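Report on the structure
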Amino acid sequence: MAAPFIRVNEADNVGIIVSAEGVSPGVASASGFRFREAIPQSHKVATRSLSAGQPVIRYGQNIGRLNRDVEAGAWVREEFIDLPAAPSLDEMPLATAVPPIPLPLDGFTFDGYRNADGSVGTKNILGLATTVQCVAPTVEYAARRIKVEVLPQFPNVDDVVAITHGYGCGVAMNAPGAKVPVQTLKDISLHANLGARPLLVSLGCEKLQPQRMFASDLRVLEDIPVIRLQDEHGFADTVAAIMRAAEKRLSELNRRTRETCPASALSVGLQCGGSDAFSGVTANPAVGFAADLLVRAGATVFFSEVTEVRDAVHLLTPRAVNQDVGRSLLREMHWFDEYLARGGADRSANPTPGNKRGGLANIVEKALGSIAKAGSTAIQAVASQGEKVNSKGLVFAATPASDFICGTQQLASMNLHVFTTGEGSPYGLSLVPVIKVSSRSALAEKWHDLIDIDAGRIATGAATIEELGWEIFRFMLDVASGRKETWADYWGLGNALVPFNPGPVT
Ligand code: CA
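What you see is a predicted model; the values in this text were computed from it and never measured.

It is worth spelling out the state of the cysteines at this point. Under the criterion given, the structure shown has zero disulfides. Here C169 is not cross-linked by a disulfide; its sulfur's nearest cysteine counterpart is in C134, at 6.0 Å. For C169, a relative accessible area of 36% translates into the label partly exposed. Lacking any disulfide linkage, C272 is separated from the closest cysteine sulfur, that of C406, by 8.3 Å.

The following block contains the structure:
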């Protein structure tokens, strides 16, 4: 039988209850204490008696001080722990413990779609990009008809996707924050899985004109068919125009075939959502191991979610490959501190009721578990909010932690997505495969047709972090090749795209 609780670090004075049924009072723990009360799964037990004022240690780190005495075997509840001050950004160690370059991992490939711009797709999709929300229902209507009436003639094309969003008008286009959503939307429209070229549908009078969307590279726009709704005569003619343009583009996309590509052509975005106290013990370390394999194979892998990194950033700045990268990491933490302060909030706004139900006491504990996704290699680069990731190796790409906003921003840079979850989310994206990894076996069993990989096996001792890491890595190559399908793709689950707009609306 598995141990009733697990600890990650020798120094930890709390353990996480493993059993799905929790533990009962009076039961001996094998560590010399008896459980004093019923404690649910994924919540914390004090492994020795602790006094008020003492730090609660998890992952070998202080996650907050106790505001009362707690006996060994008692439940250490969220409200017993006071949130510590965030680590000061002024005196962080920069590039002081740069991990060595890991051994190269050769010979791993996947079957992808090569694009003229050098990117590689993991799917072959016709994308109907849009400049503004006004056109969204029209484009979605056209996409439904194209899928039924036109797509069947082009068997090499996987899907037709209306790339709709809430941005594009009624916004302060000249505000500094506008460049974040504009850049994100431009990069998504040129996504590798669209053959790096979309059809573009514009309204005509919107703030985000096509020329504005592609201002950073206007030559690209010359190659993109643009349909302006205000130039068309009525709805039926408009839809017919979109369908004619779609048929032409579909015939081009249909000539694409998968070719053997090195694993280095993968660009994988890592995210968590609905985390619990197991996330940092099972799913995230396993994904971190897979991230190390991707780095060794020469690929790009990036993690994000500033508020879930902020409280553990002192563990990351030493891993920056040089001081400039370390400073860039701190710049993104500062930017988000100020963004939250402007809205009258701070980092304590992060944990959700579900996170807390899942045993996460506060943002410090959540962050320490979250950064396990980043594996163990050096951080090679930092992309600021809205900036495309264009470096190999491990990258930090600054995004909010909100699942759909982070996913949208990551989408601009990734051809594959890995999403870890403890509480569970049926999250998916239409443009890239989303591999969902559960932190607990109970979730994987309950959601057997939504969770792709069960990392809960690590907690029960049925698998090691290494074994799970390799399994995730191999699954990534299979999914990227179209040999295996994620559950999100099987059910056609594509969440709305929500570009992050830190600028004002008008
Ligand atoms: Ca998230």
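This brings us to empty space enclosed by the protein. It is a probe the size of a water molecule, rolled over the atoms, that shows where empty space is left. Under the criterion given, the structure shown has two cavities of 30 Å³ or more. Of the voids in this model, the largest cavity is the one considered here, and its volume is about 60 Å³. As for the largest cavity, its lining consists of F302, S384, G386, E387, V389, A397, A398, T399, Q409, Q410, A412 and S413. Roughly 40 Å³ of internal volume is contained in the second largest cavity. Around the second largest cavity, the lining residues are C272, S275, D276, S279, G280, N284, L360, E365, K366, G369 and S370. With four residues, the top contributor of residues to the lining of the second largest cavity is helix α9 (residues 363–370). Tallied by class, residues from the lining of the second largest cavity come to two nonpolar, six polar and three charged.

The subject of this paragraph is helix α12 (residues 465–480). For α12, spanning 16 residues, the distance from its first C-alpha to its last is 22 Å, which sits close to the expected 22 Å at 1.5 Å a residue. Turning to α12, its buried residues are L468, G469, I472, F473, F475, M476, L477, D478, V479 and A480. Buried residues along α12 sit in contact with β7 (109–114), β14 (267–272), α6 (283–296), β18 (416–421), β19 (434–438) and β20 (453–454). Immediately downstream of α12, the backbone of G482 shows phi near 80 degrees, a positive value.

A few words on the domain arrangement of the protein. Along its sequence, the protein is carved into domain 1 (1–85), domain 2 (110–253) and domain 3 (281–491). Taking both sides of the interface into account, the surface hidden between domain 2 and domain 3 amounts to around 1600 Å²; carbon and sulfur atoms contribute 61%. The three residues of domain 2 that bury the most area against domain 3 are T122, K123 and H191, which together make up 30% of that side's buried surface. Run the count over domain 2 and domain 3 and you get two salt bridges. Residue assignment for the side of domain 2 that touches domain 3 shows that the elements contributing at least two residues are β7, β10 (159–163) and α2 (179–189). The element contributing the most residues to the side of domain 2 that touches domain 3 is α2, with five residues. Along the lines of polarity and charge, the residues of the side of domain 2 that touches domain 3 split into eight nonpolar, five polar and three charged.

Attention now moves to the layout of surface pockets. Here the largest pocket is characterised by a volume of approximately 790 Å³. Along the wall of the largest pocket there are 34 residues; nearest its centre are D117, G118, S119, L190 and K388. Class assignment for the residues of the lining of the largest pocket results in 12 nonpolar, 12 polar and 10 charged. Of the domains in this structure, domain 2 (110–253) and domain 3 (281–491) are the two that each give at least three residues to the lining of the largest pocket. Put simply, the second largest pocket is a space of about 670 Å³. Lining the second largest pocket we find 34 residues, and of these K123, D159, V161, S430 and L431 sit closest to its centre. Taken together, the elements giving at least two residues each to the lining of the second largest pocket come down to α1 (136–149), β10 and α13 (487–491). Tallying contributions element by element places β10 first for the lining of the second largest pocket, with five residues.

Let us now look at the coordination of the calcium ion. Every protein donor of the calcium ion is accounted for by Q271 (OE1), C272 (O), E305 (OE), A401 (O) and D403 (OD), and the metal-donor separations fall at 2.3 to 2.5 Å. Counting residues between consecutive donors of the calcium ion along the chain gives the motif Q-C-x32-E-x95-A-x1-D.

Ordered in space as β8-β7-β13, the three strands form an open sheet in which the pairing is antiparallel. In this open sheet, the two strands that pair with only one neighbour each are β8 (120–121) and β13 (259–262). Pairing geometry for β7 and β8, over two bridges, is antiparallel. Pairing of R114 across the sheet is with V120, part of β8.

Now for helix α5 (residues 234–253). Under the 1.5 Å per step criterion, the end-to-end length of α5 is 29 Å for 20 residues, consistent within 8% with the ideal 28 Å. Buried within α5 are the following residues: T238, V239, A241, I242, M243, A245, A246, R249, L250 and L253. Close packing links the buried residues of α5 with β9 (125–130), α1, β11 (199–202) and β12 (226–228).

Below, the discussion takes up the sheet that holds β10. Read from one edge of the open sheet, four strands run β10-β9-β11-β12, paired in parallel fashion. The open sheet is flanked by β10 and β12, the only strands paired with a single partner. Within this sheet the neighbouring strands show an average axis-to-axis angle of 20 degrees, counted without direction. Bridge analysis of β9 against β10 gives five bridges, and the strand direction is parallel. Among the inter-strand pairings, A129 is bridged to a residue of β10, identified as I163. In this fold α1 packs onto β9, β10 and β11, with an angle of close to 180 degrees to the strand it touches most, β10.

Rules of the game
- Residues numbered from 1 in each chain as written.
- Predicted model: local features only at pLDDT ≥ 70, side-chain atom pairs only at ≥ 80, totals over all residues.
- Heavy atoms only, no water.
- Disulfide = S-S within 2.5 Å.
- Buried < 20%, exposed > 50% of the residue type's maximum accessible area, 1.4 Å probe, protein only.
- 1 Å grid on protein atoms, 1.4 Å probe; cavity = no way out; pocket = protein on both sides within 12 Å on 5 of 7 lines; lining within 4 Å.
- Points joined across faces, edges and corners; volume = space filled by probe spheres on them.
- Helix = DSSP H or I, 4+ residues; strand = E, 2+ residues; numbered from the N terminus.
- Nonpolar A, V, L, I, M, F, W, Y, C, P; charged D, E, K, R; others polar.
- Expected span 1.5 Å × (residues − 1).
- Contact = heavy atoms within 4.5 Å.
- Domains from an automatic or database assignment.
- Buried area = accessible area lost by both parts, 1.4 Å probe.
- Salt bridge = Lys/Arg side-chain N within 4 Å of Asp/Glu carboxyl O.
- Donors = N, O, S within 2.8 Å, 3.2 Å for Na, K, Ca; no water.
- Pairing = 2+ DSSP bridges.
- Axes fitted to C-alpha atoms, helices over the stretch in contact; angles between N-to-C directions.

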